[in-house]
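Secondary and tertiary structure notes
Residues per chain are reported as follows:
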Amino acid sequence: MTFEEEIAARCFKFEEEFKMNKLGFFLLKKNDMKAIEMSEVEKQFFFGPIDDSNVFSRGMGYYQPGISPQMLKKIKKNIEIATEQKNKTILYALNEYLLNHASVIWYNLNYNQRMENRDIVPRMYQQLMLTAGNIFNMISGDICCKCPDWDFLLYIVENVRIDEEYFRVPECDNKVEIIKEICWLIHSGVTDEIDGILFPMCGSLNLMIFASILLKKKFYPINLGFHDQLNRKMEIFSEIIPKKTNILVLDDNIGSGDTIRECRKRLEKLGCNTVTRVCEIPWDVFSKINNFDVIRNALDMPSPKENFRNLSKKIFIQRMKAASYEKIYQADHMFINSDAEIEEMNRRILFLKEANAFSEMQLGNMQSELEFYVKTYRMRGQYV
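Rules used in this analysis
Residues numbered from 1 in each chain as written. Predicted model: local features only at pLDDT ≥ 70, side-chain atom pairs only at ≥ 80, totals over all residues. Heavy atoms only, no water. Helix = DSSP H or I, 4+ residues; strand = E, 2+ residues; numbered from the N terminus. Buried < 20%, exposed > 50% of the residue type's maximum accessible area, 1.4 Å probe, protein only. Contact = heavy atoms within 4.5 Å. Areas by Shrake-Rupley, 256 points an atom, 1.4 Å probe, with all protein chains shown as cover. Axes fitted to C-alpha atoms, helices over the stretch in contact; angles between N-to-C directions. Parallel < 35°, antiparallel > 145°, perpendicular 65-115°, else oblique. Nonpolar A, V, L, I, M, F, W, Y, C, P; charged D, E, K, R; others polar. Phe/Tyr/Trp six-rings, centres within 6.5 Å; stacked < 30°, edge-to-face > 60°. Pairing = 2+ DSSP bridges. Right-handed = clockwise from strand over helix to strand, strands pointing away. Core = buried A, V, L, I, M, F, W, Y, C linked by side-chain atoms within 4.5 Å.

**Regarding the overall build of the protein chain**
Check the secondary structure of the protein chain and you find 16 helices and 10 strands. In the protein chain, which comprises 384 residues, the proportion classed as buried is 58%. Sequence-distant contacts, at least 24 apart, represent 74% of the contacts inside the protein chain between residues at least 6 apart. Summed over all atoms, the accessible surface of the protein chain reaches about 16,800 Å², with 50% contributed by carbon and sulfur.

Structure follows, in structure tokens:
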């Protein structure tokens, strides 16, 4: 078994062990929460209560950008306790919480801060890689966690203002699915043929973070996207990406295809050979696109792995942000929304086994897929 096959197998094992759903939630037992040094109010902020026995691994606080010094100190203290007790579920949940909020800070530092703050961007990214490395270790079977630079993070949260207007929680937020995607890319052979990877921000932010710890490639975060009309589409590719290089464009999902097409257009002006890929395709894209025109025209390596409908995901996250946990309940380790209109939308989406089946199919059919794509899109100066 190759390295990437071994890691992918461990991802499936982790999902099954902790009954993780498609969004990346899993269940914690309330007994595991007893050692956590937080008030009940704080616990409900970090972890979403379900019933007398279970809580969500994420709570309303996960989806509210910004972290206070007090919250950071709580995370630090309880990571230390969970490390001592070797409590993997608590360690995963707290590291994931820290990674999400540290990512928001990095994004704001990189794109929306005054120039005097730009010199700390690389140091902040190191903290992202360290925290993501802790999560990766737990998924791959190692409970060992490295300590982030708590003093540096405390300085950041005390001195950097987060502007929520210019950030949205990345839709691609299931860390296990992200690692499986990177394993697939390694196995496909495409990562051997490229010089660097372009990540449209901020949807592919988590993809870039985990690629940073698994791939030795140049990474180009590009603040370009057509899902909104905020501070995007301004970066000049020629100032960031070397001419006549082989570039993989990796995004989280596809809607209209405008972002992927614009990336290709700008790269080809630089004489770059470009391969495009999204790791998930929303079901509503499948249903609304006639003859898959957008997917066929925009993507060189389309994914067979289907994703949440974006609207369904947004509604689900809104419920979490509002702490409307009573609207979400757990049954037979499958997360189902109790609101009738959302349940109808998500009827096929929120079931663990069905959600994972696409990933297993992707892994199982990897050999035939990679033979086709590597043969067709192997870069030798031009496409075959």
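Structure shown, so let's carry the discussion forward.
**Considerations on the packing of helix α5 (residues 121-139) against helix α7 (residues 175-188)**
The axes of two packed helices give the description: the angle between them and the distance between them. Closest axis-to-axis distance for the α5/α7 pair is 11 Å, and the angle between their directions is 85°. As judged from the angle between their axes, α5 and α7 are roughly perpendicular. Counted together, Ile135, Phe136 and Ile139 of α5 and Lys175, Val176 and Ile179 of α7 form the full contact between these two elements. Taken together, the residues of the contact of α5 with α7 sort by class into 5 nonpolar, no polar and 1 charged.

**Some remarks on the packing of aromatic side chains**
Across all of its chains, the model carries 15 aromatic pairs by this definition. Look at Phe14 and Phe18: their rings are 4.7 Å apart centre to centre, the planes differ by 55°, and that puts the pair in the tilted class. Of this pair, Phe14 and Phe18 both sit in helix α1 (residues 3-18), separated by 4 residues, roughly a single helical turn. Across this residue pair, the class does not change: Phe14 and Phe18 are buried. Through a chain of ring-to-ring contacts, three or more aromatic side chains come together here, namely Phe25, Phe45, Phe46, Phe47, Phe56, Tyr62, Tyr63 and Tyr97.

**Remarks on the pairing of strand β3 (residues 196-200)**
Counting buried positions along β3 yields 5 of 5 residues, so the element is predominantly enclosed. Neither face of β3 is open: one carries Gly196, Leu198 and Pro200, the other Ile197 and Phe199, and all of them are buried. Pairing analysis gives 5 bridges linking β3 to strand β4 (residues 218-222), with the strands arranged parallel. Bridge pairing links Ile197 to Phe219 in β4. You can see the chain leave β3, run along helix α9 (residues 205-214) and come back into β4, and the turn it takes is right-handed. Sheet topology note: the β3/strand β5 (residues 246-251) ladder contains 3 bridges and is parallel. For Leu198, the partnering residue across the bridge sits in β5 and is Val249.

**What to know about the nonpolar core**
In this structure, Phe47, Tyr92, Trp106, Met124, Ile179 and Met201 are the most contacted members of the largest nonpolar core, which totals 90 residues. It is helix α4 (residues 88-111) that provides the largest number of residues to this core, a total of 15 residues. With residues near it in sequence (within four places) discarded, Met124 still touches Ala102, Ile105, Trp106, Leu109, Phe152, Leu153 and Ile156. Within the second largest apolar cluster, 18 residues are counted, among which are Leu224, Ile254, Leu267 and Val278.

**Points about the sheet that holds β3**
A sheet is described by the order of its strands in space; here 4 strands give the open sequence β4-β3-β5-β6, paired in parallel fashion. A single partner strand is all that each edge strand has here, and the edge strands are β4 and β6 (273-278). For this sheet the average axis-to-axis angle between neighbouring strands, irrespective of direction, equals 25°. In this structure, β5 lies alongside β6, joined through 6 bridges in parallel fashion. Bridge assignment links Asp251 to a residue of β6, and that residue is Val278.

**Observations regarding the environment of Met301**
Locating Met301 in the fold gives a position in the loop between α12 (293-298) and β8 (306-307). Separated by 26 residues in the primary sequence, Met301 and Val275 have C-alpha atoms spaced 7.5 Å apart.

**Considerations on unusual backbone geometry**
Each neighbour pair has its own omega, and for Met201 with Cys202 the value is 5°, a cis peptide bond. Relative to the helices and strands, Cys202 resides in the loop between β3 and α9. Positive phi outside glycine occurs at Lys86, with the angle close to 55°. Residue placement: Lys86 occurs in the loop between α3 (69-85) and α4. Non-glycine residue Lys244 carries a positive phi angle of around 55°. You can see Lys244 is positioned in the loop between β4 and β5.

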